[in-house]
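Given next are the chains, with one letter for each unit.
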Amino acid sequence: MQVSAIHTPIVKPGEKLLQFLADNLTEIPERSIVVITSKIISFAQNRLVPIKTGEPDEKHTLAGQEADLYLDPTESKYQIMLTIKDSLLAVNAGIDESNSQGNYVLWPENLQQTTNEIWEFLRKEFQVKELGVIVTDSKTMPLRWGVTGTAVAHCGFEALIDEIGTPDIFGKKLEMTQLNVAEAIAIAAVFEMGEGDEQQPLAVVSDIQQRVKFQDRPPTAEELSNLVIDPEDDVYAPVLMNAKWQKGGGGK
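Residue indices begin from 1 for each chain and proceed along its sequence in written order. Local features in this predicted model are restricted to residues whose pLDDT is 70 or higher, and side-chain atom pairs enter the listing and the counts only when it is 80 or higher, whereas totals over whole chains, interfaces and linings include all residues. No hydrogens and no water enter the side-chain calculation; it runs on all heavy atoms of the structure.

Chemist: With reference to specific residues and values, describe the overall build of the chain.
Modeler: The secondary structure content of the chain amounts to 7 helices and 13 strands. With the radius of gyration taken over C-alpha atoms, the globule rule is written as 2.2 Å times the number of residues to the power 0.38. For the chain, whose C-alpha radius of gyration is 19 Å, the value lies close to the compact-globule estimate of 18 Å for 252 residues. The C-alpha extent of the chain, read off along each of the three principal axes, is 50 × 50 × 30 Å. Here the Shrake-Rupley method, with its probe set to 1.4 Å, supplies the accessible areas, and only the displayed protein chains count as covering residues. Total accessible area on the chain stands at roughly 14,600 Å², and carbon and sulfur atoms take up 52% of it. Positive and negative side-chain charges in the chain, numbering 22 and 38 respectively, have mean positions lying 1 Å apart. Strands here mean DSSP runs of E at least two residues long; helices mean DSSP runs of H or I at least four residues long; both are numbered from the N terminus. Asp and Glu are treated as the negative residues and Lys and Arg as the positive ones, with His and the ends of the chain left uncounted. Note that the charge is assigned to NZ on lysines, CZ on arginines, CG on aspartates and CD on glutamates.

Chemist: Can you explain the sheet that holds strand 5 (residues 82-85)? Please cite residues and give values.
Modeler: The rule for pairing is simple: two strands pair if DSSP sees at least two bridges between them. Pairing is antiparallel across the open sheet formed by 4 strands, whose spatial order is 6-5-4-13. The sheet is open, and its two edges are formed by strand 6 (88-91) and strand 13 (246-247), each paired on a single side. Summarising the sheet, strand 4 (residues 69-70) and strand 5 pair through 2 bridges and their orientation is antiparallel. Bridging across to strand 5, Tyr-70 finds its partner in Thr-83.

Chemist: Mind laying out the packing of helix 1 (residues 17-24) against helix 4 (residues 111-126), listing which residues take part and the relevant values?
Modeler: Relative orientation of the contacting elements helix 1 and helix 4 amounts to 40°, with a least axis distance of 11 Å. Judged by the inter-axis angle, helix 1 sits oblique to helix 4. Helix 1 and helix 4 meet at a crossing whose hand is right-handed. Each of Leu-17, Leu-18, Leu-21 and Ala-22 in helix 1 lies in contact with helix 4, whose residues at this interface are Thr-114, Ile-118, Phe-121, Leu-122, Glu-125 and Phe-126. All residues other than Ala, Val, Leu, Ile, Met, Phe, Trp, Tyr, Cys, Pro, Asp, Glu, Lys and Arg, Gly among them, are scored as polar; the first ten of these are nonpolar and the last four charged. Partitioned by chemical class, the residues of the contact of helix 1 with helix 4 number 8 nonpolar, 1 polar and 1 charged. All axes are obtained by fitting lines to C-alpha atoms, using only the stretch in contact for helices, and the reported angles, taken between N-to-C directions, cover 0 to 180 degrees. Just so you know how the angles are binned, under 35 degrees is roughly parallel, over 145 roughly antiparallel, 65 to 115 roughly perpendicular, and the rest oblique. A clockwise turn of the near helix away from the far one marks a right-handed crossing, whereas an anticlockwise turn of less than a right angle marks a left-handed crossing. Contact between two residues is taken to exist if any of their heavy atoms lie within 4.5 Å; hydrogens are not considered.

Chemist: Tell me what's going on with the nonpolar core, and back it up with residues and numbers.
Modeler: Residues enter a nonpolar core if they are buried and are Ala, Val, Leu, Ile, Met, Phe, Trp, Tyr or Cys, with the set joined through side-chain atoms within 4.5 Å. Using a 1.4 Å probe on the protein chains alone, a residue whose accessible area is under 20% of its type maximum counts as buried, one over 50% counts as exposed, and one in between counts as partly exposed. Grouped together as the largest cluster of nonpolar side chains are 28 residues, with contacts concentrated most on Leu-21, Leu-25, Ile-36 and Leu-122. Elements with a contribution of two residues or more to this core: helix 1, strand 2 (32-37), helix 2 (38-44), helix 4, strand 8 (131-141), strand 9 (144-155) and strand 12 (202-206). Sorting elements by how many residues they give to this core places helix 4 first, with 5 residues. Judged by nonpolar contacts, the second largest core, of 19 residues, contains Phe-157, Met-193, Ala-203 and Val-205.

Chemist: I'd like a description of the pairing of strand 12, backed by residues and values.
Modeler: Of all 5 residues in strand 12, 5 are buried, a share of seventy percent or more. Alternating residues of strand 12 divide into Leu-202, Val-204 and Ser-206 and Ala-203 and Val-205, and every residue in both groups is buried. The pairing of strand 1 (residues 2-6) with strand 12 spans 5 bridges and is classified as antiparallel. Along strand 12, the bridge assignment pairs Ala-5 with Ala-203. Bridge count between strand 2 and strand 12: 4 bridges; the pairing is antiparallel. Within strand 12, the position partnered with Ile-36 by the bridge is Leu-202.

Chemist: Please provide a residue-by-residue account of the pattern of salt bridges, values included.
Modeler: What counts as a salt bridge is simple: a side-chain nitrogen of Lys or Arg found within 4 Å of a carboxyl oxygen of Asp or Glu. Summed over the entire model, instances satisfying the criterion amount to 9 salt bridges. Of the charged contacts in the structure, one is a salt bridge between Glu-97 and Lys-59, with a shortest N-O distance of 3.0 Å. With Glu-97 in the loop between strand 6 and strand 7 (103-105) and Lys-59 in helix 3 (residues 56-66), the pair connects residues that are 38 residues apart, well separated along the chain. Under the relative-accessibility criterion, Glu-97 is labelled partly exposed at 36%. Three or more residues are tied together by salt bridges with common partners; here these are Arg-47, Glu-66, Lys-85 and Glu-109.

Chemist: I'd love a proper account of a nonpolar patch on the surface, names of residues and values included.
Modeler: Residues enter patches when they are more than 30% accessible in relative terms and free of salt bridges; like-charged ones are connected within 9 Å and nonpolar ones (Val, Leu, Ile, Met, Phe, Trp, Tyr) within 5 Å. On the surface, a nonpolar cluster with roughly 370 Å² of combined accessible area is contributed by Val-235, Tyr-236 and Val-239. The residue Val-235 is located in the loop between helix 6 (221-225) and helix 7 (237-240) in this model. The class of Val-235 is exposed, set by a relative accessible area of 68%.

Chemist: A description of the sheet that holds strand 2 should follow, citing residues and the corresponding values.
Modeler: Within the open sheet, the 5 strands sit side by side as 1-12-2-8-9. Their pairing is mixed. The two strands at the open ends of the sheet, each matched to only one other strand, are strand 1 and strand 9. Averaged over all pairs of adjacent strands, the angle between strand axes in this sheet comes to 30°, irrespective of strand direction.

What follows is the structure in structure tokens.
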């Protein structure tokens, strides 16, 4: 697998996203996946809130409005707000201040629809049939320092490969194993794209040797729901279900 991160101009608020992609993606090979950081979509959608005081309460108020569920920041040693938004466990509902030009950057709206539109545009613009799109953000992992990439939306390929019932090298059938293709590729791509001043919000992933199954359509509602685990069914349910979640503005 080859990941090619792409240096671009700085995205401006209200930028026309599809034109930005056309201007900065010079070539997309067949059977490749275009990776896009969610932040440039947020800028294109003007999902920006000017930072006024910069105090934690200001950001926490926004996070509570954006989150589906949240924990009071006093529950955290670091005074951060743990949240669940769009079935993702995130800090401060994904609100970011890095590379933000003095703004709080909120997660994009209508993200799956936007991802589908990007996929349709790129297939037509670059005349490719087998193409995937992944929109990424950064995430932390419990019990580990450091951030990695995560896929917050995808289109054009099967994101989940079910290996339940297939044998391991000793013939024992796997009982729970499913491969999250979107997450795996997102982690590799974000590592190449960078988190700081690299100015590489795009990447093209090509020469994929693993068995990615491309699709000639956006993911169905059922396929998207199959990626999500209800908290009570999650292996981490003893932690998730005992937290003192409060309903946020996004959970209305």
